[in-house]
Amino acid sequence: MIELTFEQEVQRSYDAAMDSVNLLNAGKPEDMTDEDWVDTVKRNKEHLKIQIAKGDYYAGYDLTPFEQIIE
């Protein structure tokens, strides 16, 4: 297993959170049921709330997209 630096870990976490933002911004895929979409939205918003709660972990990163999508 490759060990990541702290900065790499933060970047990887931020990128994963941005994947959630981008998924939610893209909207429900045509081939997804409404029920699955509701679950997807809920899980991704929870993920973003957890990331926002990390506070200083993301020092220097723009968390505005996270905050905007969970409003």
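Residues numbered from 1 in each chain as written. Predicted model: local features only at pLDDT ≥ 70, side-chain atom pairs only at ≥ 80, totals over all residues. Heavy atoms only, no water.

Colleague: Can you help me understand the overall build of the protein in this one?
Modeller: Looking only at helices and strands, one finds three helices and zero strands in the protein. Ordered by position in the sequence, the α and β elements of the protein form the string α-α-α. Going through the 71 residues of the protein one by one, you find that 25% of them count as buried. A separation of at least 24 residues holds for 62% of the contacts in the protein among residues at least 6 apart in sequence. (Helix = DSSP H or I, 4+ residues; strand = E, 2+ residues; numbered from the N terminus. Buried < 20%, exposed > 50% of the residue type's maximum accessible area, 1.4 Å probe, protein only. Contact = heavy atoms within 4.5 Å.)

Colleague: What should I look at first to understand the environment of Ile-52 in this one?
Modeller: Among the structural elements, Ile-52 can be located in helix α2 (residues 34-53). Residue Ile-52 is classed as partly exposed on the basis of its relative accessible area of 23%. Not counting chain neighbours up to four residues away, the residues in contact with Ile-52 comprise Phe-66, Glu-67 and Ile-70.

Colleague: Looking at this structure, how should I read the pattern of salt bridges?
Modeller: If the charged atoms of two oppositely charged side chains come close together, the side chains can form a pair. Tallying each qualifying case throughout the model produces three salt bridges. Among the salt bridges present, the one from Lys-28 reaches Asp-34, with a minimum N-O distance of 3.7 Å. Judged by its relative accessible area of 55%, Asp-34 falls in the exposed class. The partner of Arg-43 in a salt bridge is Asp-39, and the shortest N-O contact between them spans 3.0 Å. Note that Arg-43 and Asp-39 are positioned in helix α2 at a spacing of four residues, about one turn of the helix. (Salt bridge = Lys/Arg side-chain N within 4 Å of Asp/Glu carboxyl O.)

Colleague: Please explain the packing of aromatic side chains as it appears in this structure.
Modeller: Given two aromatic rings, their pairing is described by the distance between the two centres and the angle made by the two planes. Under the counting rule described, the total for this entry stands at seven aromatic pairs. Aromatic pair Tyr-14 and Phe-66: ring centres 5.3 Å apart, planes at 35 degrees, arrangement tilted. On the criterion of sequence distance, the pair formed by Tyr-14 in helix α1 (residues 6-26) and Phe-66 in helix α3 (residues 64-70) is long-range, its members being 52 residues apart. For Tyr-14, a relative accessible area of 12% corresponds to the buried category. For Phe-66, a relative accessible area of 0% corresponds to the buried category. When the ring of Tyr-58 is compared with that of Phe-66, the centres are 6.2 Å apart and the planes differ by 85 degrees; the resulting orientation is edge-to-face. Note on accessibility: Tyr-58 and Phe-66 belong to one class, buried. Through a chain of ring-to-ring contacts, three or more aromatic side chains come together here, namely Phe-6, Tyr-14, Tyr-57, Tyr-58, Tyr-61 and Phe-66. Of note, Lys-54 hangs over the ring of Tyr-57, and the distance from its end group to the ring centre comes to 4.8 Å. (Phe/Tyr/Trp six-rings, centres within 6.5 Å; stacked < 30°, edge-to-face > 60°. Lys NZ or Arg CZ within 6 Å of the ring centre and 35° of its normal.)

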